[in-house]
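# Breakdown of the fold
In case you want the letters, here they are:
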Amino acid sequence: MVLLRKQITTENGIFLFSPSVEDDCEDYNVSWLDINYSVEDRHFWFLIRKEKILSVFNQYINPNGDIIEIGAGTGNVSHFLSQAGYNIAAGEMHLRGLQYAQEYGISKCYQFDLFDPPFYQHFDGIGMFDVLEHIDDDILALRKCSSMLKPCGRIVLTVPALNFLWNRGDAYGHKRRYTLGGLTKVVEKAGFCVLHGSYFFSAIFPLLLLRHFIEPDDRSPVSKEEMGEREIRINPFLNSLLFRLCRLENKLDQWVSKVPGGSIILVAEKNDTIQ
């Protein structure tokens, strides 16, 4: 382990580097972890996103390398990738998320602040799945990721796409949505070379557009009470239908990857010549 700091505390096997991080931070309320944990093994969105991430990992990430998921939440994606043979650790600022990750069987759990990373050139790969949109300075965040990667290390990102799909759900901590071209520019400014980028959740694009009008964001401040009451509900029949539809989209990826969708997945390699 290549560490920048020697002072480490542990709690039930979790390494704590930034134990003072607040649970109710402005950009991500810890209560959302409880909500996600309750649905992420059955809700179509979480299931399809994991399948999409794995398909990209299988193309671009060495399963024998050291990998960390930053902003791992409950560790559900890390668990999925681990089951597929990847050597992956969970990194998260909220201790509760890492406690969930341990329940999923993730043995390497690191609690830290991305802007004060404890690792230097330690990892071969980094995953950040729907994290970057919560961060004000996305370029600096990616540069911090780059510092944790070995030379030629790679990062895999997912983010919500297209600002005209913005809805009240985005008000819960999101700073922006991205276009594929816009995300590419951000990643390149942070010192990476883009290897792959595509939209996904294109199959439900009409529904996402409809949601923009049904659940508009009036730009009013989001209270802590509203954050805490956020729930993810879906009719079981509709959930099954959307799962099948989006899984078909994943199988047809080579034909539909440039079609606008609700999310973007991007792979980039650290460019050491411009660090």
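Quick caveat, the model's predicted, so the values are computed rather than measured. (Residues numbered from 1 in each chain as written. Predicted model: local features only at pLDDT ≥ 70, side-chain atom pairs only at ≥ 80, totals over all residues. Heavy atoms only, no water.)

## Notes on the packing of aromatic side chains
A complete count under the given rule lists 15 aromatic pairs for this structure. Among the aromatic residues, those joined into a cluster by ring pairs are F15, F17, Y110, F112, F119 and F123. (Phe/Tyr/Trp six-rings, centres within 6.5 Å; stacked < 30°, edge-to-face > 60°.)

## A short note on the pairing of strand 5 (residues 67-70)
Residues of strand 5 alternate between two faces, with I67 and E69 on one and I68 and I70 on the opposite face, all of them buried. Here strand 5 runs beside strand 6 (residues 88-92); their pairing, made up of four bridges, is parallel. Its bridge partner lying in strand 6, I68 is registered against A89. In this view, the connection linking strand 5 to its parallel neighbour strand 6 by way of helix 3 (residues 76-83) has right-handed handedness. Across three bridges, the pairing between strand 5 and strand 8 (residues 123-129) is parallel. Its bridge partner lying in strand 8, I68 is registered against I126. (Buried < 20%, exposed > 50% of the residue type's maximum accessible area, 1.4 Å probe, protein only. Helix = DSSP H or I, 4+ residues; strand = E, 2+ residues; numbered from the N terminus. Pairing = 2+ DSSP bridges. Right-handed = clockwise from strand over helix to strand, strands pointing away.)

## Brief notes about a nonpolar patch on the surface
A contiguous nonpolar surface patch, about 310 Å² in accessible area, is contributed by F164, L209 and F213. Tracing the chain through its elements places F213 in helix 7 (residues 205-214). (Patch = residues over 30% accessible without salt bridge, like charges linked within 9 Å, V, L, I, M, F, W, Y side chains within 5 Å. Areas by Shrake-Rupley, 256 points an atom, 1.4 Å probe, with all protein chains shown as cover. Salt bridge = Lys/Arg side-chain N within 4 Å of Asp/Glu carboxyl O.)

## Remarks on the environment of E40
In this fold, E40 is placed in the loop between helix 1 (31-39) and helix 2 (44-60). The spacing of E40 and V77 is 37 residues in sequence and 9.4 Å in space, taken between C-alpha atoms. Each residue touching E40, except ones within four places of it in the same chain, is listed here: F46, L47, K50, T74, N76 and Y104. A polar side-chain atom of E40 sits 2.4 Å from a polar atom in the side chain of T74. (Contact = heavy atoms within 4.5 Å. Polar contact = N/O pair within 3.5 Å; in protein donor to acceptor, adjacent residues only side chain to side chain.)

## Examining the side chain of K50
Summarising the element assignment, K50 is placed in helix 2. In this structure K50 comes out as buried when scored by relative accessible area, which is 5%. A polar side-chain atom of K50 sits 2.8 Å from a polar atom in the side chain of N76. Ignoring sequence-local partners within four residues, the contact set of K50 consists of E40, D41, N76, V77 and F80.

## Focus on helix 5 (residues 138-148)
Along helix 5, the residues classified as buried are D138, I139, A141, L142, C145, S146 and M148. Each element contacted by the buried residues of helix 5 is listed here: strand 5, strand 8, strand 9 (149-160), helix 6 (180-189), strand 10 (192-200) and strand 11 (263-270).

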